[in-house]
Amino acid sequence: MSSQSGPALSGVSQSNPILALLLSSSSGRLYQKVASELARQIVRGDYTAGTRLPAERKLAEHFEVSRPTIREAIIALELAGCVEVKGGSGVYVIANEAINQAPEGTAGAQAQTDELAVLEARLLLEPEIAAMATQTISDQELDALSRELDAPSAFNQEPAAFHTLIAKATHNAVLMAIGEPFWSIGSAHARPMSDADNRCCSQERRAILAALTARDPSAARAAMRYHLSNTAERLTRLSGQSPPEAEPKNVAQEREPFAMVL
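Engineer: Give me the state of the cysteines: which residues, what numbers.
Structural biologist: The final tally for this structure, using the stated rule, is zero disulfides. Of the cysteine sulfurs around Cys200, a residue in no disulfide, the closest is that of Cys201, at 8.6 Å.

Below is the structure:
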């Protein structure tokens, strides 16, 4: 089925960016693929408001995945406002205006809007994740972050890996479940960056790593916020939505808000 564009897609992206993410991507971890397919079925009307989804066991058999994978998919659908879990009764599809606005197959037209909406949400979430991780991250996890930064493909091929590692370092499964749909859209729609942008991004991430290593919550929070704000600027510039800057920001000179020595 061909994708559609126009006001309906814009409405979905703005009113429910998590649902738009599920509809626009079928890649990622197993639970994300399952959640994406179930979201499409709900949008198609296979499951209408008030309908109970099949039991966890039946869904696991249908998708040929484990029951914990189904549970994670249901969490993603809950976050998207598609379903409600009623203890002892089951999982029910709930009325959602964004679902009614969403045509099936929304991949290409609203991808840019999705990314910017997700970055706004990440700006609320990830600075606090970084601050929390300063108190829980292990030396082994710091080493893993350092290796990720040194990997040649760190930015153009797996842009979300660095952020996923930081979230894992909080040892909080709920934060991981909330954050992963956001990070998957970054990987699904990653754009190659220039060498200059790569250098800036690397400096920003090394400032985050330095704050984590110093176990300084305030510095980690500021460094992550600075990095995500600059990521949004780079995204709009690469997409042509705003005029390009004469030169990318020199993070080494402008990291005064968190004053870290790299």
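Engineer: Can you explain the packing of aromatic side chains? Please cite residues and give values.
Structural biologist: Enumeration according to the criterion identifies zero aromatic pairs in this entry. The aromatic ring of Tyr92 is capped on one face by Lys86, whose charged end is 4.7 Å from the ring centroid.

Engineer: If you had to explain unusual backbone geometry to someone new, which residues and values would you point to?
Structural biologist: Unusually for a residue other than glycine, Glu64 sits at a positive phi of about 60°. Relative to the assigned elements, Glu64 resides in the loop between helix H4 (56–63) and helix H5 (67–79). Unlike most non-glycine residues, His171 shows phi in positive territory, near 60°. Relative to the helices and strands, His171 resides in the loop between helix H9 (161–168) and helix H10 (173–188).

Engineer: Kindly report on the pattern of salt bridges, identifying the contributing residues and their values.
Structural biologist: By the definition in use, this model includes ten salt bridges. The closest approach of N and O atoms between Arg44 and Glu37, which form a salt bridge, is 3.9 Å. The partly exposed category is assigned to Glu37, whose relative accessible area is 26%. With a closest N to O distance of 2.3 Å, Glu126 and Arg122 form a salt bridge.

Engineer: Residues and numbers for the packing of H4 against H5, please.
Structural biologist: Where H4 contacts H5, the two axes come as close as 9 Å, and the packing angle between them is 105°. What the angle tells us is that H4 and H5 run roughly perpendicular. Residues Glu56, Arg57, Leu59, Ala60 and Phe63 of H4 form the contact with H5, whose participating residues are Arg67, Ile70 and Arg71. Looking at the contact of H4 with H5 residue by residue, the classes come out as four nonpolar, no polar and four charged.

Engineer: Give me the packing of H9 against helix H11 (residues 195–213): which residues, what numbers.
Structural biologist: Between H9 and H11, whose axes approach to 12 Å, the crossing angle comes to 15°. Here H11 runs roughly parallel to H9, going by the angle between their axes. Considering only the axes of H9 and H11, their crossing is left-handed. Of H11, the residues touching H9 (which contributes Phe162, His163 and Ile166) are Arg205, Ile208 and Leu212. Considering only residue class, the contact of H9 with H11 consists of four nonpolar, one polar and one charged.

Engineer: So what about the pairing of strand S2 (residues 90–93)? Which residues, and what values?
Structural biologist: Relative to S2, strand S1 (residues 83–86) runs antiparallel, the two being bridged by four bridges. Residue pairing across strands places Glu84 opposite Tyr92, the latter belonging to S2. The antiparallel pairing of S1 with S2 creates a hairpin that spans three residues between the two strands, and Gly88 there sits at a positive phi of about 80°.

Engineer: For the nonpolar core, give the residues involved together with the corresponding values.
Structural biologist: Ranked by internal contacts, the top residues of the largest apolar core, which has 30 residues, are Ile129, Leu145, Ile166, Ile208 and Leu212. Only helix H7 (111–133), helix H8 (139–150), H9, H10, H11 and helix H12 (217–239) provide two or more residues apiece to this core. Apart from the residues lying within four places of it in its own chain, the contact partners of Ile208 are Phe162, Ile166, Ala223, Met224 and His227. By size, the runner-up hydrophobic cluster in this structure holds 26 residues, among which are Leu22, Val65, Cys82 and Val93.

Engineer: Now, about H11: what can you tell me, with residues and values included?
Structural biologist: Over its 19 residues, H11 extends 26 Å from the first C-alpha to the last, a length consistent with the 27 Å expected when each residue adds 1.5 Å. At the exit of H11 stands Arg215, carrying a positive phi of roughly 55°.

Engineer: Please give an account of the environment of Gln135 that cites residues and values.
Structural biologist: Locating Gln135 in the fold gives a position in the loop between H7 and H8. Gln135 sits in the exposed class, given a relative accessible area of 55%. Put simply, Gln135 and Thr170 are 35 residues apart on the chain and 8.0 Å apart in space, counted from C-alpha to C-alpha. Those residues in contact with Gln135 that lie beyond four places of it in its chain are Arg215 and Pro217.

About the thresholds
Residues numbered from 1 in each chain as written. Predicted model: local features only at pLDDT ≥ 70, side-chain atom pairs only at ≥ 80, totals over all residues. Heavy atoms only, no water. Disulfide = S-S within 2.5 Å. Phe/Tyr/Trp six-rings, centres within 6.5 Å; stacked < 30°, edge-to-face > 60°. Lys NZ or Arg CZ within 6 Å of the ring centre and 35° of its normal. Helix = DSSP H or I, 4+ residues; strand = E, 2+ residues; numbered from the N terminus. Salt bridge = Lys/Arg side-chain N within 4 Å of Asp/Glu carboxyl O. Buried < 20%, exposed > 50% of the residue type's maximum accessible area, 1.4 Å probe, protein only. Axes fitted to C-alpha atoms, helices over the stretch in contact; angles between N-to-C directions. Parallel < 35°, antiparallel > 145°, perpendicular 65-115°, else oblique. Contact = heavy atoms within 4.5 Å. Nonpolar A, V, L, I, M, F, W, Y, C, P; charged D, E, K, R; others polar. Left-handed = near helix turned anticlockwise from the far one by under 90°. Pairing = 2+ DSSP bridges. Core = buried A, V, L, I, M, F, W, Y, C linked by side-chain atoms within 4.5 Å. Expected span 1.5 Å × (residues − 1).

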